Amino acid sequence: MNVLLVTHHACLGHSNADDHPECPDRLRAVLRALEAEEFALLLREEAPEATEEQLLRVHRPEHVGAVLGIRPPEGEWVMLDAETGMAAGSADAALRAAGAGIAAVDAVCRGEVKRAFCAVRPPGHHAEPDRPMGFCLFSNAAIAARHAIAAHRMRRVAILDFDVHHGNGTQAAVERDPAILFASSHQWPCYPGTGHERERGVGNIHNATLPPGAEPGLFREAWRDILLPAVEEFVPELIIISAGFDAHARDPLAQLRLREADFAWLTERICDLADRICGGRVVSTLEGGYDLPALASSAAAHVRALMNG
Ligand SMILES: [Zn+2]
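Residues numbered from 1 in each chain as written. Predicted model: local features only at pLDDT ≥ 70, side-chain atom pairs only at ≥ 80, totals over all residues. Heavy atoms only, no water.

An unreviewed UniProt entry annotates the chain as Histone deacetylase family protein of Teichococcus oryzae. Database annotation for the chain, UniProt heading Sequence similarities (unreviewed entry): "Belongs to the histone deacetylase family." (UniProt positions renumbered as here; feature names shortened; annotations may be inferred.)

What follows is the structure, given as structure tokens:
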């Protein structure tokens, strides 16, 4: 089945700092993996820039203005917090990363493709409505969800986040919005410190915590027994995935024990569910993943499952 790959070379122009784990080589590794023969049938599209109107559906005007206004000279950085920086190309990369989700939602909601994957950076799920955070500038998944509702009259959208870190930014953006469900599995304790099971929003937030060292069985159980049933009960019209691959056993930033097969397993389950309840519509956007070979092979396993599922 045709799957759309949305990306933009501007996403390579962003860097947080010298020698930072969220680096341009991450995206290069993913794109190189997707050049393999088995991915020749992917449709490919360049990400547009998100518009201010689209960003403002999630972020405060002061936040959007501040991020877009920071353009340091080549070779210099402006640090926004201890771990999030902006370089000369960062504002453009952030606009394309958010815009990729918009283009993917448009293609999927118009029925041009059933699934889409956005190979982008900076990632988005830590960016809160009023501040950048944790390598993230704009909340790419939440912006895509609001776009589906505003531009395509979707009544319910689910965001599923399997990055090893809790998507505090996505949760903050949607926790009072009954039209959007947020379901996340993540290591606990771990950065950013949010994502306890008690955090329920208006009943639309579903967090599943996993202890450091957790094996794949616990991860699969959390999705099979808790998170996917909650998504099914919500009956979304579109599923958006925050696809972070830093729960991989080789990832240097966290301590879960997943392998490529686990990302493929969950992607297949999500596609099965989407086929049953929402016309198969799935949009996925890249979040974390900091061991380059593990990131590349995990993203490839994810996209393979989107194509085969
Ligand atoms: Zn992460």
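Digging into the overall build of the chain
Counting its secondary structure elements, the chain contains 9 helices and 10 strands. Against the globule reference of 19 Å for 309 residues, the chain gives a C-alpha radius of gyration of 17 Å, in line with a compact fold. Residues classed as buried in the chain amount to 61% of the 309 residues present. The long-range fraction of contacts in the chain, counting pairs at least 24 apart against all pairs at least 6 apart in sequence, stands at 75%. With the model as given, the accessible surface of the chain reaches about 11300 Å², and the carbon-plus-sulfur share is 50%. Across the chain, the mean location of the 29 positive side-chain charges is 5 Å away from that of the 43 negative side-chain charges. (Helix = DSSP H or I, 4+ residues; strand = E, 2+ residues; numbered from the N terminus. Rg over C-alpha atoms; globule rule 2.2 N^0.38 Å. Buried < 20%, exposed > 50% of the residue type's maximum accessible area, 1.4 Å probe, protein only. Contact = heavy atoms within 4.5 Å. Areas by Shrake-Rupley, 256 points an atom, 1.4 Å probe, with all protein chains shown as cover. Lys, Arg positive; Asp, Glu negative; His and termini not counted. Charge placed at Lys NZ, Arg CZ, Asp CG, Glu CD.)

Considering the sheet that holds strand 7 (residues 180-187)
The strand order across the open sheet built from 8 strands is 2-1-5-10-9-6-7-8, with neighbouring strands paired in parallel fashion. Of all the strands in the sheet, just strand 2 (43-46) and strand 8 (205-210) have a single pairing partner and so form its edges. In this sheet, adjacent strand axes meet at a mean angle of 15° when their direction is disregarded. Pairing of strand 1 (residues 3-7) with strand 2 involves 4 bridges; the strand directions are parallel. Paired with T7 across the bridge in strand 2 is E46. Contacting strand 1, strand 2, strand 5 (115-119), strand 9 (238-243) and strand 10 (282-286), helix 4 (residues 90-109) runs over the sheet at an angle of about 170° to strand 5. Packed on one face of the sheet, helix 7 (residues 216-234) meets strand 6 (157-161), strand 7, strand 8 and strand 9 and runs near 175° to strand 7. (Pairing = 2+ DSSP bridges. Axes fitted to C-alpha atoms, helices over the stretch in contact; angles between N-to-C directions.)

What about the coordination of the zinc ion?
Coordination of the zinc ion by the protein involves D163 (OD), D163 (OD), H165 (ND1) and D246 (OD), with metal-donor separations of 2.0 to 2.8 Å. For the zinc ion, the 4 donor atoms in the first shell make angles of 52 to 153° at the metal, so the coordination geometry reads as irregular. Positions of the donor residues of the zinc ion, expressed as sequence spacing, correspond to D-x1-H-x80-D. This pair shows no difference in class: D163 is buried, exactly as H165 is. (Donors = N, O, S within 2.8 Å, 3.2 Å for Na, K, Ca; no water. Tetrahedral: all angles 85-135°; square planar, octahedral: opposite > 155°, others 65-115°.)

Section: the nonpolar core
The tendency in soluble globular proteins is for nonpolar side chains to be buried as a group. Counting residues in hydrophobic clusters, the biggest one holds 100 residues, and the most contacted among them are F117, F162, W223, L238, I239 and I240. The contacts of W223, once residues within four sequence positions are left out, are L160, D161, F162, A183, S184, S185, L228, P229, W265 and L266. (Core = buried A, V, L, I, M, F, W, Y, C linked by side-chain atoms within 4.5 Å.)

Details of the packing of helix 8 (residues 260-277) against helix 9 (residues 292-308)
Contact pair helix 8 / helix 9: the axes reach a minimum separation of 8 Å and the direction vectors enclose 25°. Viewed along their axes, helix 8 and helix 9 adopt a mutual orientation that is roughly parallel. Once helix 8 is placed against helix 9, the crossing between them reads as right-handed. Residue-level contacts link E260, F263, A264, T267, E268 and C271 of helix 8 to A294, S297, S298, A301, H302, A305 and L306 of helix 9. (Parallel < 35°, antiparallel > 145°, perpendicular 65-115°, else oblique. Left-handed = near helix turned anticlockwise from the far one by under 90°.)

Points about empty space enclosed by the protein
The final tally for this structure, using the stated rule, is 1 cavity of 30 Å³ or more. In this structure, the largest cavity spans a volume of roughly 30 Å³. The residue inventory of the lining of the largest cavity, partitioned by class, reads 5 nonpolar, 6 polar and no charged. (1 Å grid on protein atoms, 1.4 Å probe; cavity = no way out; pocket = protein on both sides within 12 Å on 5 of 7 lines; lining within 4 Å. Points joined across faces, edges and corners; volume = space filled by probe spheres on them. Nonpolar A, V, L, I, M, F, W, Y, C, P; charged D, E, K, R; others polar.)

Focus on helix 7
The end-to-end C-alpha separation of helix 7 is 26 Å, in line with the 27 Å expected for 19 residues at 1.5 Å each. The largest bend along helix 7 reaches roughly 40° and is located at W223. Taken as a whole, helix 7 has its buried residues at P216, F219, A222, W223, L227, L228, A230, V231 and F234. The inward-facing, buried residues of helix 7 abut strand 6, strand 7, strand 8, strand 9 and helix 8. In the stretch just after helix 7, V235 is the one whose phi turns positive, near 50°. (Expected span 1.5 Å × (residues − 1). Bend = angle between axes of the 7 residues up to and from the residue.)

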